[in-house]
Amino acid sequence: MLGICRGRRKFLAASLTLLCIPAITWLYLFAGSFEDGKPVSLSPLESQPHSPRYTASSQRERESLEVRVREVEEENRALRRQLSLAQGHGPAHRRGNHSKTYSMEEGTGDSENLRAGIVAGNSSECGQQPVVEKCETIHVAIVCAGYNASRDVVTLVKSVLFHRRNPLHFHVIADSIAEQILATLFQTWMVPAVRVDFYNADELKSEVSWIPNKHYSGIYGLMKLVLTKTLPANLERVIVLDTDITFATDIAELWAVFHKFKGQQVLGLVENQSDWYLGNLWKNHRPWPALGRGYNTGVILLLLDKLRKMKWEQMWRLTAERELMGMLSTSLADQDIFNAVIKQNPFLVYQLPCFWNVQLSDHTRSEQCYRDVSDLKLQKQLSELDEDDLCYEFRRERFTVHRTHLYFLHYEYEPTSDNTDVTLVAQLSMDRLQMLEAICKHWEGPISLALYLSDAEAQQFLRYAQGSEVLMGRHNVAYHIVYKEGQFYPVNLLRNVAMKHVGTPYMFLSDIDFLPMYGLYEYLRKSVIQLDLANTKKVMIVPAFETLRYRLSFPKSKAELLSMLDMGTLFTFRYHVWTKGHAPTNFAKWRTATTPYRVEWEADFEPYVVVRRDCPEYDRRFVGFGWNKVAHIMELDAQEYEFIVLPNAYMIHMPHAPSFDITKFRSNKQYRICLKTLKEEFQQDMSRRYGFAALKYLTAENNS
């Protein structure tokens, strides 16, 4: 939207360059002839004093030329100073004091170059248009509510960051859903010189709820009207953007347009491109009043200080009340009311052109404008690591911050009245995506998933999900995107993200390549009551089995499963390669069990369990393959949870290609050495935390 006339802008830039050529021609002609202010040889022969060409006359000519070049260079320095004075930089904005501030981390720089004729739409002079100071903060306001808008806002922010050179301060008017999603996103993104403040949209509803609105944006589409009241009183100006905007240029170019406002101009708006306000789209089409085609409010420049002095609140309210007597409701939300006000007060508007010619050169020299605002605690932790340690990359992963987008798709969950609800928790990468539909068919309860994806994969997942009737038919599945960073699969971080955003009292900690038995959701809820999980420290174990067949007639009962075990269609999980992982489940006893039974912890035990939501997190030091679940079960045991096997529950592992991490584990000796080192360090930490009771883990490990 903002780059709609880039071709014209480039043409204007070229014409301005020609107008300014007399002043800078010599500088360009001789730019390659000097280094650090010293003459540089233009030809090999010229550096040889005894060359036949090196005469006294040529020496005088050369000295004369050098003097002239120095004079031109000095003239250009003077020109730069004059331009700088003529540009009249405005003061940086004061920031409001808000308790919620989020920083982001990503490298961008600022540029310093010769600015000649920075003008928008006027090429008669050079150096008249003010520019933005290179460290001036640019303020942007966005109204954002719900899951879809939160996803759109990420694209907007990325486009602004891609081109920006200035510090940014985002003011986000958000509902509770959008604030939770975006707060996490900004905290984990960590780009420098970006501040984010949130304002509670729900508290603003009463300001605009009296306005009937037919627009799909609902009540949130009217909230731009109350920004003068919502934003800090000391904030003088702000760029207001819709969530579906994408920038194709530096936002500083738009910010600089504020300097062109004159008189009582307080709103910067682009003319509407449709015929909506002309009223000729269909018979009896009756739009709100507007000047000609009216103005589009997807991008607005607001001079907040002047708007407040003009009593903007009173102005738009009186206009809306008057027009609603005849119009009954708005069709385009805030845009109708803005245009009705402008119709009565056309002097308020500075019409934005479709281009802003602030900077002529695309070839700028990057400078560090931003100071490093990375988390100091994180930097301290990393600095304490030994980079010569062969396991450095493993240790570093524990402290890596991954950009995280919560609730990537729409999510709805209604809590049950009996407080027995259970959420299935799992994590996955792109190569396990095909399991989602099957899991949704086997588990009707809520699901919390952490997906480890790149930006491109996130868009592929979005298209996949939107094209699936099964996934789109399920609103109680929460998809949390954790963006790729580093060389290891952060399996336990992903599990923690999914666990942290569970909304039920209990969690079924599973893996994405397992299918739960039909009816397991209801069976677990009944077992929660039977075993009194609310008042006891118990872990319910769901026995795990596996098949080597890609096509399986899934057993609909325990009896059918036992028959398939006897026929060799199914096996107890990892029976062939890692018996120790599930041996304590005691499958022989399970075959005939009709009531829950207790089992004891043993070394390397890693069952799939149902626990209360307040259970310990997974240990982040374990990444990729190996010991990630074992450590968690060990900690549950250390905290004296009882392990109870459910007699009529089961889950089946479906076959798939080996993961990249298990391949590394099997082929890389150093990987296995580091995993052993991390295991030993974890056990030492357990001893420090749990004292004498934790000695059994060291003993069990030595005997295994």
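Residues numbered from 1 in each chain as written. Predicted model: local features only at pLDDT ≥ 70, side-chain atom pairs only at ≥ 80, totals over all residues. Heavy atoms only, no water.

> Got a sec to walk through the overall build of the chain? Specific residues and values, please.
When helices and strands are tallied, the chain shows 24 helices and 25 strands. The buried share of the chain, taken over its 704 residues, is 53%. For the chain, restricting intrachain contacts to residue pairs at least 6 apart in sequence, the fraction spanning at least 24 positions comes to 82%. Of the roughly 33000 Å² of accessible surface on the chain, a fraction of 51% belongs to carbon and sulfur atoms. (Helix = DSSP H or I, 4+ residues; strand = E, 2+ residues; numbered from the N terminus. Buried < 20%, exposed > 50% of the residue type's maximum accessible area, 1.4 Å probe, protein only. Contact = heavy atoms within 4.5 Å. Areas by Shrake-Rupley, 256 points an atom, 1.4 Å probe, with all protein chains shown as cover.)

> Pulling in residues and values, what's your account of the sheet that holds strand S23 (residues 608-612)?
Hydrogen bonds between backbone groups are what pair the strands of a sheet, and the pairing can be parallel or antiparallel. The mixed open sheet is built from 9 strands, whose spatial order is S13-S16-S15-S14-S17-S23-S19-S24-S22. In this open sheet, the two strands that pair with only one neighbour each are strand S13 (404-405) and strand S22 (597-599). Bridge count between strand S17 (residues 506-509) and S23: 4 bridges; the pairing is antiparallel. Bridge pairing in S23 links Leu509 to Val609. Contacting strand S15 (447-453) and strand S16 (477-483), helix H15 (residues 455-466) crosses the sheet at an angle of about 135° to S15. Relative to strand S14 (residues 422-429), helix H17 (residues 491-500) is tilted by about 145°, and along the sheet it contacts S13, S14, S15, S16 and S17. (Pairing = 2+ DSSP bridges. Axes fitted to C-alpha atoms, helices over the stretch in contact; angles between N-to-C directions.)

> Talk me through unusual backbone geometry; I want residue IDs and the actual numbers.
Even without a glycine there, the phi angle at Arg574 is positive, about 60°. Looking at where Arg574 falls in the secondary structure, it is placed in the loop between strand S21 (571-572) and helix H20 (587-592). One non-glycine residue, Asn586, adopts positive backbone phi at about 65°. By the secondary structure assignment, Asn586 is in the loop between S21 and H20. Looking at Asn586, the relative accessible area reads 32%, which means it is partly exposed.

> Help me get a handle on a nonpolar patch on the surface, residues and values and all.
Where nonpolar side chains cluster on the molecular surface, the patch consists of Phe692, Leu695 and Leu698 and spans about 310 Å² of accessible area. Secondary-structure assignment places Phe692 in the loop between helix H23 (669-690) and helix H24 (695-703). (Patch = residues over 30% accessible without salt bridge, like charges linked within 9 Å, V, L, I, M, F, W, Y side chains within 5 Å. Salt bridge = Lys/Arg side-chain N within 4 Å of Asp/Glu carboxyl O.)

> Give me the environment of His442: which residues, what numbers.
Relative to the elements of secondary structure, His442 occurs in helix H14 (residues 435-442). When the C-alpha positions of His442 and Met517 are compared, they lie 6.6 Å apart, and in sequence the two are 75 residues distant. In this view, His442 contacts Leu515, Pro516, Met517, Tyr518, Gly519 and Phe554; residues no more than four positions away in its chain are not counted. At 3.3 Å, the side chain of His442 and the side chain of Tyr518 are in polar contact. (Polar contact = N/O pair within 3.5 Å; in protein donor to acceptor, adjacent residues only side chain to side chain.)

> An account of the nonpolar core is needed here, citing residue identities and associated values.
Ranked by internal contacts, the top residues of the largest apolar core, which has 116 residues, are Leu449, Phe461, Tyr479, Phe508 and Leu524. Ile138, Trp189, Leu254 and Leu303 belong to the second-largest nonpolar core, a separate cluster that totals 86 residues. (Core = buried A, V, L, I, M, F, W, Y, C linked by side-chain atoms within 4.5 Å.)

> Tell me about the state of the cysteines, and name the residues and values.
Going through the model one piece at a time under the given rule, you end up with 1 disulfide. Between Cys391 and Cys674 runs a disulfide, and the two sulfur atoms are separated by 2.1 Å. Between Cys391 and Cys674, the S-S torsion sits near -95°, and that sign places the bridge as left-handed. Here the residue Cys391 occupies a position in the loop between helix H12 (376-383) and helix H13 (392-397), and Cys674 occupies one in helix H23, the gap between them amounting to 283 residues. Neither Cys391 nor Cys674 differs from the other in exposure class; each is buried. (Disulfide = S-S within 2.5 Å.)

> Which residues make up the environment of Ile138, and what values go with them?
Tracing the backbone through its elements, the reader meets Ile138 in strand S5 (residues 138-144). Relative accessible area serves as the criterion here: at 0%, Ile138 is assigned to the buried category. Separated by 29 residues in the primary sequence, Ile138 and Pro167 have C-alpha atoms spaced 6.3 Å apart.

> An account of the pattern of salt bridges is requested, with residue identities and associated values reported.
In total, this model carries 30 salt bridges according to the counting rule given. When the shortest N-O distance is used, the salt bridge between Asp418 and Arg525 registers 3.3 Å. Taken as a pair, Asp418 in the loop between S13 and S14 and Arg525 in helix H18 (residues 520-530) lie far apart in primary sequence, 107 residues in all. The shortest N-O distance in the salt bridge between Glu635 and Arg689 comes to 2.7 Å. In this pair, Glu635 is assigned in helix H21 (residues 628-638) and Arg689 in helix H23, connecting sequence segments 54 residues apart. Within the structure, one salt-bridge network assembled from shared partners comprises Glu207, Lys229, Glu313 and Arg317.

> Explain the side chain of Glu606 residue by residue, including any values.
Its location among the elements puts Glu606 in the loop between S22 and S23. Judged by its relative accessible area of 13%, Glu606 is buried. Beyond its immediate chain neighbours, meaning those up to four positions away, Glu606 contacts Trp578, Gly581, His582, Lys629, Val630 and Ile633.

> With reference to specific residues and values, describe helix H4 (residues 146-163).
Taking 1.5 Å of rise per residue, 18 residues should cover 26 Å, and H4 covers 27 Å from first to last C-alpha, within 8% of that figure. Among the residues of H4, Gly146, Tyr147, Ala149, Ser150, Arg151, Val153, Val154, Leu156, Val157, Ser159, Val160 and Leu161 are the ones counted as buried. (Expected span 1.5 Å × (residues − 1).)

> Tell me what's going on with the sheet that holds strand S25 (residues 651-653), and back it up with residues and numbers.
As summarised here, the arrangement of the 4 strands in space is S18-S25-S20-S21, forming an open sheet in which the pairing is mixed. If you trace the sheet from one side to the other, it starts and ends with strand S18 (514-516) and S21, each paired once. Bridge analysis of strand S20 (residues 544-546) against S25 gives 3 bridges, and the strand direction is parallel. Within the sheet, the bridge partner assigned to Phe545 lies in S25 and is Ile652.

> Which residues make up the packing of aromatic side chains, and what values do they have?
Evaluated as defined, the whole model comprises 26 aromatic pairs. Here the aromatic rings of Phe461 and Tyr479 are separated by 5.2 Å at their centres, their planes lie at 55°, and the arrangement is tilted. Taken as a pair, Phe461 in helix H15 and Tyr479 in strand S16 lie far apart in primary sequence, 18 residues in all. The burial state of Phe461 is the same as that of Tyr479; both residues are buried. Measuring from centroid to centroid gives 5.3 Å for Phe545 and Phe587, while their planes differ by 65°, and the two rings are edge-to-face. Taken together, the residues Phe545 in strand S20 and Phe587 in helix H20 connect sequence positions 42 residues apart. An identical accessibility class is assigned to Phe545 and Phe587; each is buried. For the cation-ring pair, Arg151 lies above Phe408, with the distance from its terminal atom to the ring centre recorded as 5.4 Å. (Phe/Tyr/Trp six-rings, centres within 6.5 Å; stacked < 30°, edge-to-face > 60°. Lys NZ or Arg CZ within 6 Å of the ring centre and 35° of its normal.)

That's the geometry; what it means functionally is another story.
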